[in-house]
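Structural overview for review
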Amino acid sequence: MRSLWFLMALLALSQALPFEQKGFWDFTLDDSLLMMNDEEASGAGTASGAPDLDSLTPTFSAMCPFGCHCHLRVVQCSDLGLKTVPKEISPDTTLLDLQNNDITELRKDDFKGLQHLYALVLVNNKINKIHEKAFSPLRKLQKLYISKNHLVEIPPNLPSSLVELRIHDNRIRKVPKGVFSGLRNMNCIEMGGNPLENSGFEPGAFDGLKLNYLRISEAKLTGVPKDLPETLNELHLDHNKIQAIELEDLLRYSKLYRLGLGHNQIRMMENGSLSFLPTLRELHLDNNKLSRVPAGLPDLKLLQVVYLHSNNITKVGVNDFCPVGFGVKRAYYNGISLFNNPVPYWEVQPATFRCVTDRLAIQFGNYKK
């Protein structure tokens, strides 16, 4: 029953927005749908879609690795202490779950014959070596979850069918040019939790990709990386060491709906730096060192959520959030967080939040030195 639930959750994910994965199973709880539920929102499975409906019909293959659970073309071999990928996996398998084991290497023929595999889960193993042809048989693979391993590089020769790659919490320091070559269907990459610096991205590393979603959180970035895909709808760079947002840092990302810059060391956002984001709906700048509300917010006609809590903001002006005049802003704010700032909130004029849907959408106060 658990296997059936897992498959259904994975299929639901293929039609949902990318999300922030906080744990192994959080990808089944797509809380980003609660924040942005409009037709223009980005998705983790738009072009490729889910597997054919006939893949959900029962299979009568007697092949099932020892200790695993096999049902509805799902092979679940998690939490078994496996040292290697098991043999005798049915060739009609669409989902293979190998998470929470002790696998250290993916060999050339580990996935031989699994040409129908749609999702491969290898989270929380000890993988440090992948043969260059390990994924060659997986011509229909769309989702590869290989987070929380010991990888020092992005695996070579990823399947061209791949739509979603989650490779966070490894030991990757470099993203070379060409590593994503030929991945025309890819639209979601989660690569946070790696010791990546700005210099670790070779020029052209993301060439050819048409990503909707990219997360490089909990790394060692000191600035917004250059030459990321200009197709991005969501970019998350939280928990880094970024100190400033300069004028042209966001120039090529005009399609962003959501920008995450929380938990950095940002002291300054240059005037005009937000003007390149006309479709922005959600901006996270919490837990930084800003001393003022960033300039340019009133010009973002679709902006609905702004996180500015836990900064050093001492003053909020009457026109810091809302444009002058009526009918200019196309979407009202439904969330502004300013708590844990040294703002004397009793001095803030009520007209400051004239373009907010409800006063409960404003979070103030609770500042502690």
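These numbers were taken from a predicted model, which means no experiment stands behind them. (Residues numbered from 1 in each chain as written. Predicted model: local features only at pLDDT ≥ 70, side-chain atom pairs only at ≥ 80, totals over all residues. Heavy atoms only, no water.)

1. Digging into the overall build of the protein
Looking only at helices and strands, one finds two helices and 18 strands in the protein. Here the protein holds 369 residues, and 53% of them are scored as buried. Looking at the protein as shown, the accessible area adds up to about 17200 Å², and 50% of this sits on carbon and sulfur atoms. (Helix = DSSP H or I, 4+ residues; strand = E, 2+ residues; numbered from the N terminus. Buried < 20%, exposed > 50% of the residue type's maximum accessible area, 1.4 Å probe, protein only. Areas by Shrake-Rupley, 256 points an atom, 1.4 Å probe, with all protein chains shown as cover.)

2. What about the UniProt feature "domain: LRRNT" (unreviewed entry) in the protein?
On the UniProt side, "domain: LRRNT" (unreviewed entry) is annotated at positions that read residues 63-95 here. For residues 63-95, the helix share is 0%, the strand share is 21%, and the end-to-end C-alpha distance is 14 Å. (UniProt positions renumbered as here; feature names shortened; annotations may be inferred.)

3. A look at the state of the cysteines
Counted under the stated rule, the structure contains three disulfides. The partner cysteine of Cys64 in its disulfide is Cys70, sulfur to sulfur 2.0 Å. Torsion about the S-S bond of the Cys64 and Cys70 cystine: about 85°, corresponding to right-handed handedness. Here Cys64 falls in the partly exposed class, since its relative accessible area comes to 29%. Between Cys68 and Cys77 runs a disulfide, and the two sulfur atoms are separated by 2.1 Å. A torsion of 115° about the S-S bond marks the disulfide between Cys68 and Cys77 as right-handed. (Disulfide = S-S within 2.5 Å.)

4. Concerning the environment of Asn233
On the secondary structure map, Asn233 appears in the loop between β10 (213-215) and β11 (234-236). In this structure Asn233 comes out as buried when scored by relative accessible area, which is 10%. C-alpha of Asn233 to C-alpha of Leu259: the two residues are 26 residues apart in sequence and 8.5 Å apart in space. A distance of 3.1 Å separates a polar side-chain atom of Asn233 from the backbone oxygen of Lys255. (Polar contact = N/O pair within 3.5 Å; in protein donor to acceptor, adjacent residues only side chain to side chain.)

5. Considerations on the packing of aromatic side chains
Aromatic ring pairs are reported here in terms of the distance separating the ring centres and the angle at which the planes meet. Taken as a whole and judged by the stated rule, the model has eight aromatic pairs. Measuring from centroid to centroid gives 6.2 Å for Phe111 and Phe135, while their planes differ by 15°, and the two rings are stacked. Note that Phe111 is positioned in the loop between β4 (105-106) and β5 (119-121) and Phe135 in the loop between β6 (129-130) and β7 (143-145), a separation of 24 residues in sequence. Across this residue pair, the class does not change: Phe111 and Phe135 are buried. Judged by centre distance (6.1 Å) and plane angle (90°), the rings of Phe321 and Tyr333 are edge-to-face. (Phe/Tyr/Trp six-rings, centres within 6.5 Å; stacked < 30°, edge-to-face > 60°.)

6. Quick notes on unusual backbone geometry
Of note, Asn100 is a non-glycine position whose phi angle comes to about 60°, a positive value. With respect to the element layout, Asn100 can be found in the loop between β3 (95-97) and β4. On the basis of relative accessible area, Asn100 is assigned to the buried category, the value being 18%. Phi at Glu218 is positive, roughly 55°, even though this residue is not glycine. Structurally, Glu218 can be placed in the loop between β10 and β11.

7. Side note on the confidence of the model for the protein
The predicted model of the protein has a mean per-residue pLDDT of 86, with 82% of residues at 70 or higher. Taken as a whole, residues 11-60 scores under 50 in pLDDT and shows 113 contacts with residues more than four places along the chain or in a different chain. (pLDDT = per-residue confidence, 0-100. Contact = heavy atoms within 4.5 Å.)

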